[in-house]
Every structure is written in structure tokens, then in C-alpha cells.
2 protein chains.
Amino acid sequence: MVIRPWAYAIWEHLQAALDERIKATGARNAYFPLLIPESYLRREAEHVEGFSPELAVVTHGGGKQLEEAAVVRPTSETVVNGSFSRWISSYRDLPLLLNQWANVVRWELRPRLFLRTSEFLWQEGHTAHATREDARAYALRILDEVYTAVMVEDLAIPVFRGRKTERERFAGATTSWSCEGIMRDGRALQMGTSHELGQGFARAFGTQFTDRDGARRHVWQTSWGVSTRLLGAMIMVHGDDAGLRVPPRLAPTQVVVFVARAGEGVSESAGALVDELRARGVRAEFDDCTEVSTGRRIVDWELRGVPVRVELGPRDLSSGQATVARRARADKQAVALSEVSEKVPKMLDADQAELLAQASVLRDRLTHTADSEVEAADIARRGVARVRWSALGPAGEDRLLASGFSVRCLSQPDGPVEDLDRPEVEALVARRTDDRGDEKRHALFPERD
Amino acid sequence: MVIRPWAYAIWEHLQAALDERIKATGARNAYFPLLIPESYLRREAEHVEGFSPELAVVTHGGGKQLEEAAVVRPTSETVVNGSFSRWISSYRDLPLLLNQWANVVRWELRPRLFLRTSEFLWQEGHTAHATREDARAYALRILDEVYTAVMVEDLAIPVFRGRKTERERFAGATTSWSCEGIMRDGRALQMGTSHELGQGFARAFGTQFTDRDGARRHVWQTSWGVSTRLLGAMIMVHGDDAGLRVPPRLAPTQVVVFVARAGEGVSESAGALVDELRARGVRAEFDDCTEVSTGRRIVDWELRGVPVRVELGPRDLSSGQATVARRARADKQAVALSEVSEKVPKMLDADQAELLAQASVLRDRLTHTADSEVEAADIARRGVARVRWSALGPAGEDRLLASGFSVRCLSQPDGPVEDLDRPEVEALVARRTDDRGDEKRHALFPERD
């Protein structure tokens, strides 16, 4: 996968939004090695089981065969925990909250761009806490204040938040929480996960701390991540027949000032408009390549999903106005030239909200309540079913999966899930966007189902 | 190499400074794959010669042996050029200016932290131009407006700019330009390089464009990079016996407001000071961990190189003042409490300039003009020699290298080097900071000597 400049610039805005919120929770960024000695991965026995098909293995380095092979990191729990065991000695060192922006590799035979590629870019958070309660609270804080917030406010995608079933839980975790988005085609996409790791890694790596009472205790940990898959979600939720629609907050170019036809003073007026918009903090670009046909240029800008296009030609100029086309609404309106730079920032805010509203309507139209396993399967053929978990249970989950329907997460309509056995707990049943047609008993690595 | 949060945060500020200036030249960021099929590297014959000792090779993926091995990128010229050959077809596509922030791997048997590690983080720029002149102008623009500017203005390190000799030139380049810093111990460090690649890669990958006159021509290219080695330069230029001294512009924490001793109202006043400083855009942190000894806390902050420490205790408070300690000058002064938040930003600016001034004095003290090869070698034992290139030539360069002295770059005291044969061209002779004791005929990959 090559990420070209336009997509990469969207990723940069997304990274900035995530990074700011991650740091607001108190976490700091660090960087751990790409290559991990194979023996490290064997330390956490449950974690390692059967994962080799996903690994890229380095057997030669420095011109000769290595005594111990190294794997290209599929995730960094093991190497981070090697450091944690050296860095943590006292309750004063806790909580230790780290995040890493990195590339990871999980071998894919059937890659899908942005959704499932052998290499992808992500952030992975790793934290250690003195108590289970503190670890849980932090994992949920990441789920809500970072992931859900960025997905809703920046990506303009409403998400279902909930707990993964035993079957879908990351093997190294005691509890996996996820955000599930519903794509335009009615399929679900796991957009981000936050895991309580319990004390499994702490025991495997001997990560202990001396508590206030002098006792030595193992730390409680979390890990959490989102990836370039979020770009895939954006495409599949907001895209339409004319191409991408990028939410204004993430758009590298929010407004293109577009010279529709050359004429006296047109370029100058358009250039002045760009300056005015930039002075108001709008990311504006200038397009006066009138040697290329207007139609083709419009198609290009729409394909890239630039939120607002301000068109200016000799006729507009003489009537003192511009034509403003808004990608989110597929409409055009005349705006007095003198008011363009004042109105456009408001339009961008409104269209950010509009995209979220459209995605919410879409999700609600696709989501229905079911009373039974059979009804859930019927609904999930075209959309998303909400059904009492007590009506399914792990056996129902298995049967649904055999028919291509997956339980994405469990949640209570009012409040977080604390107890899977409560009767009001609902299962979200849907087809997976990136269904590979094969079954996996467990998510062997975190953050990608 | 694990980059812990304090060092990584300095890198983030350095990245931001570089990224802003890179984008100001018109380049945009993109992302290319980590793993490169071995056959890609063989396409550019000169480039590949003898480089395998530096490569990490992936032979297994997806649970089985790969038909074709892949290398972990040591640099991305080959894979980028694969894309360029598909993306470029007309003069309208030029110049194509791309940059990538990425990790790369070059196997090291004797790594040195931040200077020479098997994996390092860097940016690598890759560009394609219609003419040789345009490519050269852009390579020099990067050297001056991006690298030299950031090194001098942000890192507070003066650099010698010049052209690499044939011997030291990156094998894939026609001309390599570099910035050389002089460390505290009198050794030179290659801090960044910018290469004219000529048409070698374009021929190997068939990257041609249709020019305005309808003719098909190969593009002219550049590549350029700086890495986490810059953190090593910062440590070795500004560090002193008490630890790091981070230039204010790059310091994650610019000011620590330090409660020297607990007392009535002290924490409140200190907290208010932190708020005032932050309101003025200063990155201020609060330290009131008075249960740890004052001496130990001061040692910690000095070790980390935080530029300014504002100390506050009960006695300071009652006399309406604070003690301000400045890391760059190793001095302390009393400042009226009401004036601290106004004065500190000016102190940060002054200390940024002070570090550059100190480093310039150091460099000038270490640098001397030599009239002969013998004298150059004598000077280079303790510092840096400037000697007429005509007094050395490639044979003199070889002899010096056999004694452990390297010609770092060639330059004209007044103006850029256009012609190696001009009599006023000077060679900069010094020991290499990361001298490995072995000789390499060529820099096989760019950006690291």
C-alpha cells in the first residue's frame, strides 16, 4: 500500500486530532523497536498461539543468518513489556501511560486497501496501573474521550461502543472494548479497540511494583489502538457516486477557489478570496488551471472530496457574486463576493455536522431490533440487528458466524456493560466489512478483527 | 533503541520544525511500504553493489518461505521510483516533490545511541524535476532553507555546508551536499545530506515525461534526509557535565515551576505562575513533589536539560520574588514574582541565542586553517582543519583517512561550490564522531556516513 499525498494529509489531520486527545489523558509518546526477537513473543504463551501465519520473519541481517530470528512487529506488547519491567519499581511510577505512532506488519494474502493491508500505520497505547479499577477506567476513558470523540467529532461517524464477546476478544486481553461503525453497505467495521490486559503480560515479564504498603504486586495493564483503517471507514461511510466526501475538520484543502473561466480581474479576485479565507484560518487552495476543461477539474475536486468549491467566472464577477458548491449537500448557491469569506467558515462547520447527521440517519435506517436469533440473521442480511444477548449466547453466536454474521459487540442501551449476564445486554449482529470468509477463534493481535 | 518520552518529545518538536519548512518548499508527505522486494534493489546496479551487509532480510511471511525475499527498507529510492515511473507522464506532473517520515533499518554490529543504530527514524525526501538545474536548485534549497535553518535556528548548532568528495558521495548520487556539525570533542558529525541523483534512477526505472516540445525525457531527481541522529548532535554539542541542555525551541518543557520547600501559599502561587506562563504560550510544568529532596529534583531537571527553572519557597514568597535558574548560562537570579511570566519568554529567546553563540565559539575555537596535508592532520587530532582542496586531492584524502581523518566536505568560503577544481575550494578535515574504524569506499545509502 502506497499512501499518496492527499490520503496521507487526511491521515496527518486525523493523527493530530488523536494525538491531542491522547496527550490530554496524560499519555506521552515514545518509540520502541520494529524488530522483535522471536523469543520475546514466546514469553506470553496465550498470546503466541498460532499467530505465525501473520508474521513477517527476518532471518538474515548484517550479511549472515541470524542466530535468533526477529519478527517485524505485529504489535508491541511484548517489547513494551520488556521495558516496563525495567522501568517500573514503585507505586510512584504508576500509572505509566505511553503511546507509540508506528507501522506494523501482519501478513495478508488478500489485502484490502486501508482495511486490511500487510503493513499499516497506527497508534498503539500501552499503560500500567496499580489497580484493576484504574486500568479499566483508563481503557474506557480512551474508548470514550479519545476514540469515540474523534470518530464522532472529526470523522463524523457515529459508532456503537461495547464489549467484545469471548470469541472476538483479543487473546492477550481479559476484556476488549470496541467502537463499531456501520458502513454505507450495512456492514460493520471495527474502528478501534481498547483492551484491559489484566496481569497476564505483567506475570510473563515480571513487571511488579512495591505498593504503598510495601508489598510487591504485578501491574494491571491496558493497550489500545486505531489505524489507517479509519481512512477506510471515512471512505465507506461518506463516499458517494462522485467520490470521496472528506469531513471539513480533516480535509487538507477545505475550500478550493475555482476560476471557472478566465476573464479580466477574475484571477485577481479569486486570489484575494484565497488570502481572505486563509486569514480566517481556512485551508484554502487556488485553482486557475483554465487550460484544462472546467468539467474535468470539477470532477477531480469532487472525487477528492474537498468540502467547498467557490466558483468564479467573468459573469459572476460582474454581478458581484460567486457560486458556492458544497460537497456534503450536493447543492450550489450564489453568495455575494463580499460575504464569501465570512460565510464559508460557517458552512464548513455546518457541513461537518451535516455529514454526521447523514451518517446517523443511515445507521439508524440500517439498524433494527430483533427478538430472536432467526430474526437477527434476517436483519443482518441487509443491515445491523440489535438483539438480546440472552437470546443468543455463545452457541447462537457460533451459529450466526457459520452463516456469515458476526456479533460485533455487547452493550447495554443505557450505560456501560458491567455484566454480560444481565438480561438487558444487547448484541450487535452484522456482516463484517472485511469478511475474509474464514473463521478465527480469537483476534490474535489487538485492534484488527 | 527505545526512545523514551522525553527524547521522543524533543524529536516531535524537531519533526514539526522540519515538516513546516519542508512543506514551505512545496513538498507533500506520503507513505511507501516498509518491505521492498529484493529484485527492486537490484534494478539500480550501482546502488546495490555490496550493500547486503547492511540489510535485514525477510524470508518468511504468512507462515511459509517467500518466493522472493523482501528487505526492510534501508532507504526508499527504489520503491519510490517504482511509483514515480507510474505517476509521471507529462511536464505538467513536474516537479513532483514528496517527503516521507519513516523508520529504516541498516544493520549495525556496533550501534551507538542516536548516532548509529540499526533502526532509526528519519524523513526522506524524493523529488523529480524536468531539468538538471531545477533539481540542483531544489537540492540546495533543502540544504539551506530546511536543514541549515533548522540546525541553526532550532537546534542552535552552527554547521559547515558543502559538497561531499567523490569518495564520500552517496553511491546513487551525482552530487551529495551535506551539513557538518562540530561536536564538543572536536569531531565532525554529518547531520544531514541532500543529493542530486541525476538520471540514474530514472533510467533504471524508466521514469520519463513528455516535455513541452513533445520529446520523451528522463526526469532529474533529488533525495535528502535527516534522522534521529540530530538528537545525538544536540546531546554532543550542548550537553555539559550536569547533563543535557535542550534549546528552548525544542524543549518539551521549557520552564519548570519548582516548589523548593512547602509552605503556606507556595503551591498556590507556583500553580498560578504555571497558568500565567502557559497563557503566554510557554510550555510550563509544575513540580511540587516536596517529599523528594530538593537537591535530587534539581539534579533531575538539570539532567533533562529544561531551559529555565523558577524556584519558589516560603522565603521567596514572603519577599515577593522567585529564583530563576537558567540552564544555558548556569546562573541564578532573583526576579520579582509579578514580573516572572513577562520575563521568562524573553529569557527563553535569549537562551536559544546563547546556546547558538556558545556552540559557535566552540566551533571557531576548534577550527583552524592549515596550509598542508601534514598540518591538516595535526590540527584534526584535536579539532577541525580547513585546508585548500588543491593541497590534498583524492590521494591526500586517502592518506588522511588511513590515519583516521576524514574530508567531511568541500566548500568555498564565499559562496557555493560549483567547481571542485577552483583553487579557493577548501576541504574540511576532521575525525568522524561515529568512526567505526573501518573504511568504506562509498556511502552505500544516503544520509548516513
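Residues numbered from 1 in each chain as written. Chains lettered and ligands numbered in written order. Predicted model: local features only at pLDDT ≥ 70, side-chain atom pairs only at ≥ 80, totals over all residues.

Quick word on the overall build of chain A
On a plain count of helices and strands, chain A comes out with 13 helices and 21 strands. Computed over the C-alpha atoms, the radius of gyration of chain A is 25 Å, within 12% of the 22 Å expected from 2.2 N^0.38 for a compact globule of 449 residues. Principal-axis analysis of the C-alpha atoms places the extent of chain A at approximately 80 × 55 × 45 Å. Burial statistics for chain A: of 449 residues in total, 49% are counted as buried. Contacts spanning at least 24 positions in sequence make up 70% of the contacts within chain A whose residues lie at least 6 apart. (Helix = DSSP H or I, 4+ residues; strand = E, 2+ residues; numbered from the N terminus. Rg over C-alpha atoms; globule rule 2.2 N^0.38 Å. Buried ≥ 20, exposed ≤ 12 C-beta atoms within 10 Å, placed from the backbone. Contact = placed C-beta atoms within 7 Å.)

Focus on the relation of the copies chain A and chain B
Note on the identical chains: chain A maps onto chain B by a rotation of 180° and an axial translation of 0.0 Å, with an RMSD of 0.0 Å. Both copies are brought into coincidence by an operation consistent with a two-fold rotation axis. Distance from the rotation axis, computed per C-alpha, reaches its smallest value in chain A at Val58 of chain A: 2.1 Å. (Least-squares fit on C-alpha atoms with pLDDT ≥ 70 in both.)

A few points about the sheet that holds strand β4 (residues 64-72) of chain B
Spatially, the 6 strands line up as an open sheet ordered β2(A)-β4(A)-β3(A)-β3(B)-β4(B)-β2(B), and their pairing is antiparallel. A single partner strand is all that each edge strand has here, and the edge strands are β2 (35-37) of chain A together with β2 (35-37) of chain B. In this sheet, neighbouring strand axes are inclined to one another by 45° on average, regardless of whether the strands run parallel or antiparallel. Where strand β3 (residues 56-61) of chain B meets β4 of chain B, 4 bridges bridge the pair, whose relative direction is antiparallel. Paired with Gly61 of chain B across the two strands is Lys64 of chain B, which belongs to β4 of chain B. (Pairing = 2+ DSSP bridges. Axes fitted to C-alpha atoms, helices over the stretch in contact; angles between N-to-C directions.)

Looking at the interface of chain A and chain B
Contacts between the two partners involve 35 residues from chain A and, on the opposite side, 35 residues from chain B. If you list the elements that add at least two residues to the side of chain A that touches chain B, you get α1 (5-24), β1 (28-29), β3 (56-61), β5 (96-105) and β6 (119-129) of chain A. The biggest single contributor to the side of chain A that touches chain B is β3 of chain A, with 6 residues. Residue composition of the side of chain A that touches chain B, grouped by class: 22 nonpolar, 9 polar and 4 charged. With 5 bridges connecting them, β3 of chain A and β3 of chain B associate as antiparallel partners. Across the sheet, the residue bridging to Ala56 of chain A is Gly61 of chain B, located in β3 of chain B. (Nonpolar A, V, L, I, M, F, W, Y, C, P; charged D, E, K, R; others polar.)

What about the domain arrangement of chain A?
Residue and element names in this part refer to chain A. Structurally, chain A comprises domain 1 (5-238), domain 2 (248-329) and domain 3 (368-430). Counting residues at the interface gives 16 residues for domain 1, matched by 14 residues for domain 3. Those elements giving two or more residues to the side of domain 1 that touches domain 3 turn out to be β7 (159-163) and β8 (175-182). Here the element with the most residues in the side of domain 1 that touches domain 3 is β7; it accounts for 4 residues. (Domains from an automatic or database assignment.)

A closer look at the pairing of strand β20 (residues 406-411) of chain B
Put simply, side chains in a regular strand alternate between the two faces of the sheet. Residues and elements named next belong to chain B. When you tally the buried positions in β20, you get 6 out of 6 residues, the bulk of the element. Both β20 and strand β21 (residues 426-430) contribute to a ladder of 5 bridges, which runs antiparallel. For Ser411, the partnering residue across the bridge sits in β21 and is Glu426.

Focus: the nonpolar core
Ranked by internal contacts, the top residues of the largest apolar core, which has 259 residues, are Val310 and Val429 of chain A together with Val310 and Val429 of chain B. Ignoring any residue separated from it by four or fewer positions in sequence, one finds Val310 of chain B in contact with Val255, Val257, Phe258, Leu273, Ala322, Val324 and Val340 of chain B. (Core = buried A, V, L, I, M, F, W, Y, C linked by C-beta atoms within 7 Å.)

What about the environment of Arg4 of chain B?
Residue and element names in this part refer to chain B. With respect to the helices, strands and loops of the structure, Arg4 is situated in the segment before α1 (5-24). Overall, the presence of 14 C-beta atoms within 10 Å leaves Arg4 in the partly exposed class. The spatial distance from the C-alpha of Arg4 to the C-alpha of Glu354 is 27 Å, given a sequence separation of 350 residues.

A closer look at the sheet that holds strand β17 (residues 331-336) of chain B
Residue and element names in this part refer to chain B. In spatial order, the strands read β14-β13-β15-β16-β17; together these 5 strands make up an open sheet with mixed pairing. Two strands lie at the open edges of the sheet, namely β14 (284-287) and β17, each paired on one side alone. Strand-to-strand twist of the sheet, defined as the mean angle between neighbouring strand axes without regard to direction, takes the value 25°.

Observations regarding the packing of α1 of chain B against helix α5 (residues 132-154) of chain B
Residues and elements named next belong to chain B. Across the interface, α1 lies against α5 with an axial gap of 9 Å and an inter-helix angle of 145°. Between α1 and α5 lies a crossing of right-handed hand. Contacts between α1 and α5 involve Leu14, Ala17, Leu18, Arg21 and Ile22 from the former and Glu145, Val146, Ala149, Val150 and Asp154 from the latter. Partitioned by chemical class, the residues of the contact of α1 with α5 number 7 nonpolar, no polar and 3 charged. (Left-handed = near helix turned anticlockwise from the far one by under 90°.)

What about helix α7 (residues 229-238) of chain B?
Here α7 of chain B lies mainly inside the structure; 9 of its 10 residues are buried. Within the span of α7 of chain B, buried status applies to Arg229, Leu230, Leu231, Gly232, Ala233, Met234, Ile235, Val237 and His238 of chain B.

Examining unusual backbone geometry
Residue and element names in this part refer to chain A. Here the amide bond leading from Leu94 into Pro95 is cis, since omega sits at -5°, within 30 degrees of zero. Assignment of secondary structure puts Pro95 in the loop between α4 (77-87) and β5. The phi angle at Ala156 is positive, at roughly 60°, despite the residue not being glycine. Positionally, Ala156 belongs in the loop between α5 (132-154) and β7. The buried category is assigned to Ala156, around which 27 C-beta atoms lie within 10 Å.

Concerning the confidence of the model for chain A
Residue and element names in this part refer to chain A. Averaged over every residue, the pLDDT of chain A is 92; the share at 70 or more is 94%. Per-residue pLDDT stays below 50 along residues 437-442; that stretch engages in 3 contacts with residues further than four places along the chain or on separate chains. On the interface metric, ipTM, the complex scores 0.94, and its pTM is 0.95. (pLDDT = per-residue confidence, 0-100.)

Details of the environment of Glu285 of chain B
For Glu285 of chain B, the position within the fold is in strand β14. Through-space distance from the C-alpha of Glu285 of chain B to that of Ala402 of chain B is 50 Å; in sequence the pair is 117 residues apart.

Comments concerning the environment of Pro111 of chain A
Residue and element names in this part refer to chain A. Counting through the fold element by element, Pro111 comes out in the loop between β5 and β6. Pro111 gets classed as partly exposed once you count the C-beta atoms within 10 Å, which come to 15. Counting along the chain gives 245 residues from Pro111 to Leu356, while the straight-line C-alpha distance between them is 29 Å. If sequence neighbours within four positions are ignored, Pro111 has contacts with Arg116, Thr117 and Ser118.

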